[in-house]
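Here is what each chain is made of, one letter per residue.
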Amino acid sequence: MSAHSTNAHPPSDGGQGSAATATEGEGLRRSLGFRDLVVYGLLFIAPMAPVGVFGTLDAKSHGAVALVYVVATIAMAFTAFSYAQMVRVVPQAGSVFTYARVGLGNGAGFVAGWMAMLDYLLIPAVAYLFSGIAMHELVPEVSRWVWTAIAVVVTTALNLWGVRPAARVGFAILAMEIVVLVVFVVSAIVVLARDGAERGWLSPLSGDGTQGAFALSAVVGAVSVAVLSYLGFDAIASFAEEVTGGSAKVARAVLFCLAVTGVLFVAQTYLAALLTPVSSADLAANPGKQDAAFYSAVDASVGSWLHDLVAVSKAVGAAFAALAGQAAAGRLLFAMSRGRRLPRLLSRTESGTPRVALLCAATVTLIAAVWAARRDDGMNHLVSVVDIGALTAFALLHASVVGWFVVRRRGGQVSWWRHLLVPVLGTAIVIAVITEASGSAQVVGAIWLAAGLVVLAVQGVRRGA
């Protein structure tokens, strides 16, 4: 089947047969290697993701901010491991939509994809808005909504060009972000060696003592926020049909990205905590200081030049984090369309790229990002709703592992720790994080879920008719 202007069809078994069914010839072109997958994953997560939430986490954890990321990395490892299990047996685009479909059934697959859609469409909007705000700070003559729109247009053009060219450009941006992070680490080490630390050397792992004795509950509460820094590593699984060398490469990339970001997050928050001139108690008492806490630490210890360098890196990096998110969103819409859960037009491909799905995702993201950019409280509105979708999808992912390997016994010999213990613990962690989310986020998530159930019911009636 030609890759040009083709309509992809769902597997003949409706997703209930062999999970290893090949999807060659259904529109997507295999052109990505292991490095490309890692680039997309790290771009989406962003190597310096903790910069924006450092102050909040430091205040919440009583100064044990590095420990927060140690625990958060371990917590997210359960989800990454479940992704690695499912991508090996279902090497198809669509990620959690496809996994829940074969592990739990068509209805659960739709719900998983529907909830993940909320995450994949709005996380890029948050990243675009962050980029627009940062560029507006650097060039205030241009409105932030204009910078936001420019970021959407540029990255959408790259995604429409093709997954491989976008990965090449993304690699250059990722390299720039890594260089800036290395500059920060080296500068911090030099300052600490010369002037000493503002806090105790072990305080980022044990707390700074200004809010009382070490409190495990405070660390756990901060973890519920920190895990959101990792959202995006799962997007790697969306490119399973475009990777060369088999699905094992995708599984390795998922686990590798989580491990790398965990190390980077712990290292930078440990150093930033040692450089911070204010205590966690001061940050807790003055929430207005929290957003700029990382930059304040850099300014006070290293200088404004590094502040500006980090700000530019975050501005550009955020736009390309959105590029990776938009690409993943396009693949999700493509897969749900191919599975006959969304309009068939979205499963069209041109030159191996799901351009219709990408344009649809870009349009929704553009509207949301520009709307938020024109409001003073736009960022809060977006951030409050993006997380519930991903977390709900993660819960269904873990259930899919149990459904496929334990209940249906479709994956050969059952491993009770890999196929039952890990997903059960992963589900418990996800539920705990959801319960810690804001009330508004829970309400929006419930409304979105209810809307999805209505759509599912209507589709069932039509198919019955």
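Residues numbered from 1 in each chain as written. Predicted model: local features only at pLDDT ≥ 70, side-chain atom pairs only at ≥ 80, totals over all residues. Heavy atoms only, no water.

Colleague: Would you mind showing me how to read the overall build of the protein chain here?
Modeller: For the protein chain, the count of helices and strands is 17 helices and two strands. Against the globule reference of 23 Å for 465 residues, the protein chain gives a C-alpha radius of gyration of 22 Å, in line with a compact fold. In terms of overall dimensions, the protein chain has a C-alpha envelope of 70 × 50 × 40 Å along the principal axes. Within the protein chain, the proportion of its 465 residues that are buried is 57%. (Helix = DSSP H or I, 4+ residues; strand = E, 2+ residues; numbered from the N terminus. Rg over C-alpha atoms; globule rule 2.2 N^0.38 Å. Buried < 20%, exposed > 50% of the residue type's maximum accessible area, 1.4 Å probe, protein only.)

Colleague: Would you mind showing me how to read helix H5 (residues 106-138) here?
Modeller: Residue pairs spaced three or four apart in an α-helix point in one direction, given the helix's 3.6 residues per turn. With 33 residues, H5 ought to run about 48 Å at 1.5 Å a step, and its terminal C-alpha atoms sit 48 Å apart, in line with that. Counted residue by residue, H5 has 24 buried out of 33 residues, so it is predominantly covered. (Expected span 1.5 Å × (residues − 1).)

Colleague: I tried to follow the nonpolar core on my own but got confused; where do I start?
Modeller: The biggest cluster of nonpolar side chains holds 135 residues, and the ones touching the most others in it are Tyr40, Tyr83, Met86 and Phe184. Ranked by the residues each element gives to this core, the list is headed by H5, at 17 residues. Discounting residues that sit within four places of it in the chain, Phe184 has contacts with Gln268, Leu271, Ala272, Leu275, Phe294, Val298 and Leu306. (Core = buried A, V, L, I, M, F, W, Y, C linked by side-chain atoms within 4.5 Å. Contact = heavy atoms within 4.5 Å.)

Colleague: Teacher, can you tell me more about the pattern of salt bridges here?
Modeller: A side chain with one charge can pair with a side chain of the opposite charge if their charged atoms come near. The tally for this structure, following the rule as stated, stands at three salt bridges. Across the pair Arg199 and Asp208 runs a salt bridge, and its minimum N-O distance is 3.9 Å. Summarising the burial analysis for this pair, Arg199 and Asp208 share the class buried. (Salt bridge = Lys/Arg side-chain N within 4 Å of Asp/Glu carboxyl O.)

Colleague: Before we go on, may I ask you to explain the side chain of Ser301 in this structure?
Modeller: By the secondary structure assignment, Ser301 is in helix H12 (residues 293-301). Not counting the four nearest positions on each side in its chain, Ser301 is found in contact with Val191, Arg194 and Leu275.

Colleague: What is the right way to look at helix H16 (residues 416-436) in this model?
Modeller: Between its first and last C-alpha atoms H16 spans 29 Å; for 21 residues at 1.5 Å apiece the expected length is 30 Å, and the two agree. Three or more residues of H16 are buried, namely His419, Val422, Pro423, Gly426, Val430 and Val433.

Colleague: How should I be thinking about a nonpolar patch on the surface in this particular structure?
Modeller: Together, Val70, Val71, Ile74, Trp201, Leu202 and Leu205 make up a nonpolar patch on the protein surface, roughly 530 Å² of accessible area in all. Among the elements that line the nonpolar patch, the one with the most residues is helix H3 (residues 65-89), at three residues. Following the sequence through the fold, Leu202 ends up in the loop between helix H7 (163-195) and helix H8 (203-206). (Patch = residues over 30% accessible without salt bridge, like charges linked within 9 Å, V, L, I, M, F, W, Y side chains within 5 Å. Areas by Shrake-Rupley, 256 points an atom, 1.4 Å probe, with all protein chains shown as cover.)

Colleague: Even after reading the chapter, I still don't get the packing of H5 against helix H14 (residues 355-373), so can you show me in this structure?
Modeller: The description of two packed helices rests on the angle between their axes and on the distance between the axes. The geometry of H5 relative to H14 is characterised by a closest axis approach of 8 Å and an angle of 45° between their N-to-C directions. Between H5 and H14, the angle is such that the two are oblique. Relative to H14, the crossing made by H5 is right-handed. Here Leu121, Leu122, Pro124, Ala125, Tyr128 and Leu129 of H5 lie close against H14, whose contacting residues are Ala361, Val364, Thr365, Ala368, Ala369, Ala372 and Ala373. Class assignment for the residues of the contact of H5 with H14 results in twelve nonpolar, one polar and no charged. (Axes fitted to C-alpha atoms, helices over the stretch in contact; angles between N-to-C directions. Parallel < 35°, antiparallel > 145°, perpendicular 65-115°, else oblique. Left-handed = near helix turned anticlockwise from the far one by under 90°. Nonpolar A, V, L, I, M, F, W, Y, C, P; charged D, E, K, R; others polar.)

Colleague: Got a minute to help me understand the packing of helix H4 (residues 96-104) against H5 in this structure?
Modeller: Contact pair H4 / H5: the axes reach a minimum separation of 7 Å and the direction vectors enclose 160°. If you check the angle between H4 and H5, you find them roughly antiparallel. As H4 runs across H5, the sense of the crossing is right-handed. On H5, the residues touching Val96, Phe97, Ala100, Arg101 and Leu104 of H4 are Asn106, Ala108, Gly109, Phe110, Ala112, Gly113 and Ala116. Counted by class, the contact of H4 with H5 contains eight nonpolar, three polar and one charged residues.

This is a description of form; function is not addressed.
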